[in-house]
Amino acid sequence: MTTPTPAPKGKIVCTHVSKTFIQKGKQEVPVLDDVSVEVQENEFLVILGPGQCGKSTLLRIIAGLETPTTGSVTLAGADGVAREVTGPGPDRGLVFQGYMLFPWKTVLGNVEMGPRLRGLSGAKCREIARHYIELVGLTGFEDHYPHQLSGGMKQRVGIARVYANSPEVMLLDEPFGQLDAQTRIFMEQETVRIWQAEQRTVLFVTNNIDEALFLGDRIVTMEGKLPGRVQTVYNVNLPRPRDFTDMEFLRIRQEIIDASQLTL
Amino acid sequence: MSSSIANETTCSFTDRRPWTLRRVLKTRPFLYAVSLFCFFYGWDFLARSLGAEGSSSLARPLEVLAALVDLWDNELAELKLLGHIWASTQRVLIGFSIAAVLAVPIGLAMALNRTVNAIVKPLFDLLKPMPPISWISISILWFGIDETSKVFIIVIGTFVPCLLNAYNGVRLVEPELYDVIRMLGGNRRDEILHVCFPASFPAIFAGLQISMSSAWTCVLAAELVSARSGLGYIIVQGMNLSDPAMVMGGMAVIAVVAYGTTLLLTALERHLCPWKRKIAGL
Amino acid sequence: MTAYREVRVRTPLALKILPVLSIASFFFLWEFVVRSGIVPSTMLAAPSDVARLFVVKLTQADPDGALLQEHAWVSIQEAFTGYFLSLAVGIPLGLAMGWFVMAEGLARPVFEIIRPIPPVAWIPLTIFWFGIGLPGKVFIIFLGGLVPCVINAYVGVKMTNPTLIQMARTYGASDWQIFRQLCIPSALPMVFGALQIALACCWTNLVAAELLAADAGLGFLITMGRRLAMPEMVVLGMVMVGLTGAVIGVVIDCVEKRLLAGIRR
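Since this is a predicted model, take the numbers as computed values, not measurements.

*Asks:* Outline the overall build of chain B, listing residues and values.
*Replies:* Looking only at helices and strands, one finds 12 helices and 0 strands in chain B. In sequence order, the secondary structure elements of chain B are arranged as α-α-α-α-α-α-α-α-α-α-α-α. For chain B, the proportion of its 282 residues judged to be buried stands at 49%. Counted over contacts in chain B with a minimum sequence separation of 6, partners at least 24 positions apart contribute 67%. Of the accessible surface of chain B, which amounts to about 14000 Å², a share of 66% is contributed by carbon and sulfur atoms.

What follows is the structure, given as structure tokens:
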């Protein structure tokens, strides 16, 4: 796909991505329309939008699980050369909204899945897995099965599993959507802590404005109806850890709310 | 049939009330005891009143027990009771193992490969509606009346549920789990190895449970038609000797042994699938 | 977002042809194996022989004493009598066991004693009791269908959403009202599931009963085929049993879909 835009500088570059699903074999449902997004190296970018606005589809396209109808996604590797995304790969890690842990594997087994698939030795896999289990604060739970864990703990396993595969880009698809409000705030703080400990390029999809403001370097908002389009990009230059009652925080929050009501 | 959520929420709050006669009358253990007493007493009463008329077609519970003791001590067709139990169990185990070893891989292959599915599924659908017992006659024509024909019937009877459950087990796997494997860098082989197989395990075991009860039905039917040993043979002998106590004793042993094999499979499953949540079910 | 999944519209041509090819080659191989004498004709009949016998048996009662349709009619009569009896007894019993402590406490132990005994094992006893006529076979079939009916109805009631039960209680509904207006409707899908399972059980046990104690019926046809050393009659009997069972299954399925159209989703 050739595009007239200048050579992309970012880590992930989506250029004019559109996606149309075919429902029941006939009806066409446009989900994304001409979306262009850039994510820089080690940036924490949040895509914010209400339910059913195509943001998860965008993430799945970047993950390589869906192919865009038009447009393209490129990802710059460790060597700095941008390559087009054609399918899923271990250079991107996806954290799922529904946790998607393997119920037949223990916490340790889930986390060491990625290294194991890459063919590392058992001892090495376990060492990596233990490191990330410790990072997400689940030491002592290695031999538990997912059904014995709470929702927050499950998602920590999901995050550790992706980190253990050391991807260049982390993709998180409303990872805390199923958690209660208090656990959610705690997990957000943990996410910042883990991100600061293990610098990565992060693309985080959410429908929660506070979560977006608490986490993101930049926030891309999407229009609240199909097909999804990029609405505005906000730069959040607040120091971390952020305060939910900070004046600047509240000012941007109000700005986003006002803007989003135009399209809802 | 374990207790369910509905039951717990409706009953858990009544436990603190004092014990009145009405409440004792409604507790489960008491009702179970009443039920069992009524069952055995009614059976005994019926057997006695029928027996008074001369032709006894129902044995009293104690007569059944005596018949069992008799079978335990004395030989029937050169085998004591344990020998007959083993004869039947052996047939079930052999037939069951053959069927499981054949059917589970075929079922998995059908679910994983569309070409295999397109070839095997129609044949399977063609043969499926025939009850396994209807194969007895043809298996006697093919294999005579020895062990092979009985094992063949059991294989036929257990094949269908094994295959169906392996097939459906794979097809009902959460599709996003495949996405996880692909995101972690796995290929098709990893998807099959790490998702399909473990995910279909509980369904396969459910199929084995169904197969097990089907296998007992088949072995009995085969032994009723023609046999020199086994639990079905005991029943047939009881019938030929007009001895209802022996028939009912045989039925009781069948119930116990069939129940035992079910428990064994359940224990095996619990051991092999520690991740499976306890599901309130059958 | 998962609501919109891409739907693959066309299947490759090969996958459409393969099933037909598979069935055709199955029959061809069967015919060939018998005709060429690889399998002796005393053990297996070729499909063409079975088809011929099918036509002949429609008008000729010999050598087993009845026309094919008469055999089928006898079997259907037995199966349906037993089937409906098991539905009429099993479903109300299961529903009551699921909701009323009294019913469960009294019926459960006896049910658990009877459950592990395969219905086939009852055959000798029923011959004692009823001889080899219709009632004996109906009894066997009834026992076969009873267990799945009770279990499904029981589980269906137990799976009623407990929050809905509590909601009904806050509205002041009595036990009986909850049972009638909440538990029974919510158990219906499971109960209808039992219709198919029970039918399969009934049909299997019908064949067993007829193999051992009968003077007419499709199972009897199979036995006679073996006694007369006519493999084509054995196969015809098997095919008829399978075919009739499948047709009844489809009919029940249609009825079920009609009745459940409003309830299931």
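What follows picks up the thread again.
*Asks:* Residues and numbers for the overall build of chain C, please.
*Replies:* A tally of regular secondary structure across chain C gives 10 helices and 0 strands. For 265 residues, the compact-globule estimate of 2.2 N^0.38 gives 18 Å, and the C-alpha radius of gyration of chain C, at 24 Å, exceeds that figure by more than 25%. In terms of principal-axis extent, the alpha carbons of chain C reach across some 75 × 60 × 30 Å. Counting across all 265 residues of chain C, residues that qualify as buried make up 48%. Sequence-distant contacts, at least 24 apart, represent 69% of the contacts inside chain C between residues at least 6 apart. Carbon and sulfur atoms form 69% of the exposed surface of chain C, whose accessible area is close to 12500 Å². Here chain C contributes 19 positive and 15 negative side-chain charges, whose respective centroids are spaced 12 Å apart.

*Asks:* Tell me about the interface of chain C and chain B, and please be specific about residues and values.
*Replies:* Counting residues at the interface gives 61 residues for chain C, matched by 59 residues for chain B. Note on chain C versus chain B: buried area summed over both sides is about 5600 Å², and carbon and sulfur give 78% of it. Considering only the side of chain C, the residues that lose the most area to chain B are Phe128, Arg226 and Met238 of chain C, jointly responsible for 11% of the buried surface there. Our count for the contact surface shared by chain C and chain B stands at 1 salt bridge. Between Glu104 of chain C and Arg28 of chain B there is a salt bridge; the shortest N-O distance is 2.7 Å. Seen at the junction of chain C and chain B, the total is 3 residue pairs in polar contact (both at pLDDT 80 or more). Here the side of chain C that touches chain B gets 11 residues from one element, more than from any other, and that element is helix α4 (residues 101–114) of chain C. The class makeup of the residues in the side of chain C that touches chain B is 46 nonpolar, 9 polar and 6 charged.

*Asks:* Can you explain the sheet that holds strand β4 (residues 70–76) of chain A? Please cite residues and give values.
*Replies:* All names here are of chain A. Spatial ordering of the open sheet is given by β2-β1-β4-β5, a layout of 4 strands whose pairing is antiparallel. Across the chains shown, the open sheet's two edge strands, defined by having one partner strand only, are β2 (27–39) and β5 (82–84). Neighbouring strand axes in the sheet, compared pairwise and without regard to direction, differ in orientation by 30 degrees on average. Note that strand β1 (residues 12–23) and β4 share 5 bridges and pair antiparallel.

*Asks:* Please give an account of the sheet that holds strand β3 (residues 44–48) of chain A that cites residues and values.
*Replies:* Two modes of strand pairing occur in sheets, parallel and antiparallel, and in both the strands are linked by backbone hydrogen bonds. All names here are of chain A. Ordered in space as β6-β7-β8-β3-β9-β10, the 6 strands form an open sheet in which the pairing is mixed. Each of the sheet's edge strands pairs with one partner strand only, and the pair in question is β6 (92–95) and β10 (230–235). Sheet twist, expressed as the mean angle between neighbouring strand axes with direction ignored, is 15 degrees. Across 4 bridges, β3 lies against strand β9 (residues 218–222) in parallel orientation. Among the inter-strand pairings, Ile47 is bridged to a residue of β9, identified as Val220.

*Asks:* Which residues make up the packing of aromatic side chains, and what values do they have?
*Replies:* Tallying each qualifying case throughout the model produces 30 aromatic pairs over all chains. Note on Phe244 of chain A and Phe249 of chain A: the rings are 5.6 Å apart at their centroids and 75 degrees apart in plane angle, and the pair reads as edge-to-face. Residues Phe201 of chain B and Phe205 of chain B carry aromatic rings whose centres are separated by 5.7 Å and whose planes lie at 40 degrees to one another, so their mutual orientation is tilted. In this pair, Phe201 of chain B and Phe205 of chain B are both assigned in helix α10 (residues 188–225), 4 residues apart and thus about one turn of the helix distant. Through a chain of ring-to-ring contacts, three or more aromatic side chains come together here, namely Phe44, Phe176, Trp195 and Phe204 of chain A.

*Asks:* Summarise the pattern of salt bridges; cite the residues concerned and give the values.
*Replies:* Using the criterion set out here, one finds 41 salt bridges over all chains in the structure. As a salt-bridge pair, Arg240 of chain A and Asp217 of chain A come within 3.1 Å of each other at their nearest N and O atoms. In this pair, Arg240 of chain A is assigned in the loop between β10 and α8 (247–263) and Asp217 of chain A in the loop between α7 (209–215) and β9, connecting sequence segments 23 residues apart. Owing to a relative accessible area of 21%, Arg240 of chain A belongs among the partly exposed residues under this scheme. Ionic pairing is found between Arg48 of chain B and Asp44 of chain B, a salt bridge with its closest N-O pair at 3.7 Å. A residue pair is termed a helical-turn pair when its members lie 3 or 4 positions apart in one helix, as Arg48 of chain B and Asp44 of chain B do in helix α3 (residues 28–52) at 4 residues. Via salt bridges that share partners, Arg60 and Glu66 of chain A together with Glu176, Asp179, Arg182, Arg188 and Glu191 of chain B belong to a single interconnected network.

*Asks:* Before we move on, could you go through the domain arrangement of chain B and cite the residues and values that matter?
*Replies:* Domain annotation for chain B reports domain 1 (5–58) and domain 2 (68–272). The centre of domain 1 of chain B, based on its C-alpha atoms, is set 34 Å off from the matching centre of domain 2 of chain B.

*Asks:* Help me get a handle on the side chain of Gln155 of chain A, residues and values and all.
*Replies:* Residue and element names in this part refer to chain A. Its location among the elements puts Gln155 in helix α5 (residues 151–164). Given the relative accessible area of 0%, Gln155 is considered buried. Within the structure, the side chain of Gln155 is placed 2.9 Å from the backbone oxygen of Phe96, a separation counted as a polar contact. Among the polar contacts made by the side chain of Gln155, one reaches the main-chain carbonyl oxygen of Pro175 at a distance of 2.7 Å.

*Asks:* Hey, could you go over the packing of helix α3 (residues 68–99) of chain C against helix α10 (residues 231–260) of chain C for me, with residue numbers and the actual values?
*Replies:* All names here are of chain C. It is at 11 Å that the axes of α3 and α10 come closest, and there the two elements cross at 45 degrees. It follows that α3 is oblique to α10 by the angle criterion. Both α3 and α10 take part in a crossing whose hand is right-handed. Residues Leu68, Ile76, Phe80 and Tyr83 of α3 lie in contact with α10, whose contacting residues are Leu236, Met240, Thr244, Ile248 and Ile252. For the contact of α3 with α10, the class distribution of residues is 8 nonpolar, 1 polar and no charged.

*Asks:* Which residues make up the side chain of Ser88 of chain B, and what are the values?
*Replies:* All names here are of chain B. With respect to the secondary-structure elements, Ser88 resides in helix α5 (residues 81–112). One polar contact links the side chain of Ser88 to the main-chain amide nitrogen of Leu231, over a distance of 2.8 Å. Setting aside its immediate chain neighbours within four residues, Ser88 contacts Trp216, Val219, Glu223, Gly230 and Leu231.

*Asks:* I'd love a proper account of the environment of Leu171 of chain A, names of residues and values included.
*Replies:* Residues and elements named next belong to chain A. Residue position: Leu171 is located in strand β7 (residues 169–173). Under the relative-accessibility criterion, Leu171 is labelled buried at 0%. The sequence separation of Leu171 and Val202 amounts to 31 residues, and the corresponding C-alpha distance is 6.0 Å. Discounting residues that sit within four places of it in the chain, Leu171 has contacts with Leu59, Ile62, Ala63, Arg92, Gly93, Leu94, Val95 and Leu203.

*Asks:* Now, about the confidence of the model for chain B: what can you tell me, with residues and values included?
*Replies:* Residues shown with low pLDDT carry predicted positions that ought not to be read at fine detail. All names here are of chain B. On average, residues of chain B score 82 in pLDDT, and 89% of them are at 70 or above. Model confidence for chain B, summarised as mean pLDDT per element, is weakest for helix α1 (residues 5–11) at 40 and strongest for α5 at 90. Low pLDDT, under 50, characterises residues 1–13; the predicted model gives this stretch 24 contacts beyond four residues in sequence or across chains. Taken together, the stretch residues 278–282 has pLDDT below 50 and engages in 9 contacts with residues farther than four places along the chain or on a different chain.

*Asks:* Report on α10 of chain B, specifying residues and quantitative values.
*Replies:* Residue and element names in this part refer to chain B. Relative to the 56 Å expected for 38 residues at 1.5 Å per residue, α10 spans just 49 Å between its end C-alpha atoms, considerably shorter than the ideal helical length. At Phe201, α10 is bent by approximately 45 degrees, the largest bend along its length, and proline Pro202 sits one to four residues beyond. Taking burial as the measure, the 38 residues of α10 include 27 buried ones, the bulk of the element.

*Asks:* Tell me about the domain arrangement of chain C, and please be specific about residues and values.
*Replies:* What the domain assignment reports for chain C is domain 1 (10–39) and domain 2 (48–260). One C-alpha centre belongs to domain 1 of chain C, the other to domain 2 of chain C; they are set 33 Å apart.

*Asks:* Lay out unusual backbone geometry in plain terms, naming residues and giving numbers.
*Replies:* With omega at -5 degrees, the peptide bond leading from Arg240 of chain A into Pro241 of chain A counts as cis. Structurally, Pro241 of chain A is set in the loop between β10 and α8.

Cut-offs and rules
- Residues numbered from 1 in each chain as written.
- Chains lettered and ligands numbered in written order.
- Predicted model: local features only at pLDDT ≥ 70, side-chain atom pairs only at ≥ 80, totals over all residues.
- Heavy atoms only, no water.
- Helix = DSSP H or I, 4+ residues; strand = E, 2+ residues; numbered from the N terminus.
- Buried < 20%, exposed > 50% of the residue type's maximum accessible area, 1.4 Å probe, protein only.
- Contact = heavy atoms within 4.5 Å.
- Areas by Shrake-Rupley, 256 points an atom, 1.4 Å probe, with all protein chains shown as cover.
- Rg over C-alpha atoms; globule rule 2.2 N^0.38 Å.
- Lys, Arg positive; Asp, Glu negative; His and termini not counted.
- Charge placed at Lys NZ, Arg CZ, Asp CG, Glu CD.
- Buried area = accessible area lost by both parts, 1.4 Å probe.
- Salt bridge = Lys/Arg side-chain N within 4 Å of Asp/Glu carboxyl O.
- Polar contact = N/O pair within 3.5 Å; in protein donor to acceptor, adjacent residues only side chain to side chain.
- Nonpolar A, V, L, I, M, F, W, Y, C, P; charged D, E, K, R; others polar.
- Pairing = 2+ DSSP bridges.
- Axes fitted to C-alpha atoms, helices over the stretch in contact; angles between N-to-C directions.
- Phe/Tyr/Trp six-rings, centres within 6.5 Å; stacked < 30°, edge-to-face > 60°.
- Domains from an automatic or database assignment.
- Parallel < 35°, antiparallel > 145°, perpendicular 65-115°, else oblique.
- Left-handed = near helix turned anticlockwise from the far one by under 90°.
- pLDDT = per-residue confidence, 0-100.
- Expected span 1.5 Å × (residues − 1).
- Bend = angle between axes of the 7 residues up to and from the residue.

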